[in-house]
Amino acid sequence: MEFIRGVKQKETMEISEVVSGENEGKTIRMEGSVHTIRDMGDVAFVILRKAEGLVQCVFEEGKTEFDLSRLKEESAVRVTGVVSFEERAPQGFELRLTAIEVLSQPSEGLPIAISKWKLNTSLETKLALRPITLRNPMERAKFRIQEGIVRGFRDFLHLQKFTEIRTPKIVARGAEGGSNVFKLDYFNKKAELGQSPQFYKQTMVGVYDRVFEVAPVFRAEKHNTTRHINEYTSMDFEMGYIDSFVEIMEMETGMLQYTFDLLSKEYAKELKMLKIDLPDVSNIPTVRFDKAKELVSEKYNRKIKNPYDLEPEEEVLIGRYFKEECGSDFVFVTHYPSKKRPFYAMDDPADERFTLSFDLLFKGLEITTGGQRIHDYETIVKKMEARGMNPEDISNYLMIFRYGMPPHGGLGIGLERLTMRLLDEANIRETTLFPRDVTRLEP
């Protein structure tokens, strides 16, 4: 009888094990995909692609036991070679090959050259061939950075005593209301895809005090713009026992500081590849919604058209204003009008036309929406009724207030938008692994 006793140490090495400096002159084995082959005659350079990057392997006629003509790009291989440090090679070393073992071969050639440093093709082609184009080094680097953002978000909130939760995405009613929902036939009942985990994360504040989630949300908006998609990843947190909605902005600022520090230390290679300079988040300015509109109207001679909402052009100008005046790529815009915020947003006691809420703009684009929530049962019911809503429709949600909730608030961050702005991409689809929009359901 045999037993499984856990992970076995593989005989093959990873890049991080080799660059440690302890293996020069040693014969090692390594696995990877053939990224490209540069045949120079008696010598050829076989570039392997691994999760950690590219590895240069040197094939020499008479010294490498293999017929090079049999090797194809994108073959999965296991190679044996002698480690030789070479600062001109990717990762600073190369393998002088003694043997190549082919594990699998592609059935046909690539439809696009992915071995070039940057893909010179249209976004539409890039997305249509997404399973292949994601193998390109620059494309891979984008989503390594995105991994680092999620990792920073999670790690920081764990340090701040938040509990990670999982909430349903098939719901009876969306948190945001309105018609922008994907409707489902759920065993002959009406259901929707969740627009937000809002109701559930508030519920869980009554359980754990501080909670967070990283999960997909769905918006059935027929926007076909560079900043909208219909499924995106929302990084949400909700915290109880707050004295002010300012605490939520402080928590997000701390998270960004932690995350960017993590990126600078552990994702430096990807940042360098993409030529990204991380923004300064040591101090993020705040401005009231109504004041922000006045500032950009005066400075840029732009008439205020809608006093209750920010138009995309206004967001851009607000971002520009605070970059010019404060040197900040970020700005918190606070106290949004009550009529433009959901019913659960707490109104400002000093002026109930406005709410204790905010958006965080990054280079003129909203990446976060948050604020303090109503925690009193009578208050939230009264506000619902004033808006013509029937409290019975969401009685399960209102249960948490009926039986007591602490003062609380939270936010949601659009992961793809944050990545888009950080990488200075022009379209959110560039920073979405497999985008879902009004025209795209595959791949």
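Parameters and conventions
- Residues numbered from 1 in each chain as written.
- Predicted model: local features only at pLDDT ≥ 70, side-chain atom pairs only at ≥ 80, totals over all residues.
- Heavy atoms only, no water.
- Buried < 20%, exposed > 50% of the residue type's maximum accessible area, 1.4 Å probe, protein only.
- Helix = DSSP H or I, 4+ residues; strand = E, 2+ residues; numbered from the N terminus.
- Pairing = 2+ DSSP bridges.
- Phe/Tyr/Trp six-rings, centres within 6.5 Å; stacked < 30°, edge-to-face > 60°.
- Lys NZ or Arg CZ within 6 Å of the ring centre and 35° of its normal.

(A) Main features of the pairing of strand β11 (residues 231–240). Counting buried residues along β11, eight of its 10 residues qualify, which places the element largely inside the surrounding structure. Note that strand β10 (residues 210–218) and β11 share nine bridges and pair antiparallel. Pairing of Val 214 across the sheet is with Met 235, part of β11. As defined by bridge partners, β11 adjoins strand β18 (residues 408–414) across seven bridges and the pair is classed as antiparallel.

(B) Representation of the packing of aromatic side chains. Applying the stated criterion across every chain yields a total of 16 aromatic pairs. Residues Phe 199 and Tyr 344 carry aromatic rings whose centres are separated by 6.5 Å and whose planes lie at 80° to one another, so their mutual orientation is edge-to-face. Here Tyr 344 lies in the loop between β13 (330–334) and β14 (347–348) and Phe 199 lies in helix α5 (residues 198–208), a separation of 145 residues in the sequence. Of the two residues, Phe 199 and Tyr 344, both sit in the buried class. An aromatic cluster is present here, built from Phe 199, Phe 343, Tyr 344, Tyr 397 and Phe 401 joined pairwise through their rings. The positively charged end of Lys 339 is found above the aromatic ring belonging to Tyr 308, 4.1 Å away from the centroid.

(C) Layout of the sheet that holds β13. As summarised here, the arrangement of the eight strands in space is β6-β10-β11-β18-β17-β16-β13-β12, forming an open sheet in which the pairing is mixed. Two strands bound the open sheet, and with one partner strand each, they are β6 (163–164) and β12 (286–288). Taken together, the three bridges between β12 and β13 define a ladder with parallel strand orientation. Each bridged residue has a counterpart across the sheet, and for Arg 288 the counterpart in β13 is Thr 334.

From the geometry alone we can't say anything about function, so treat these as descriptive.
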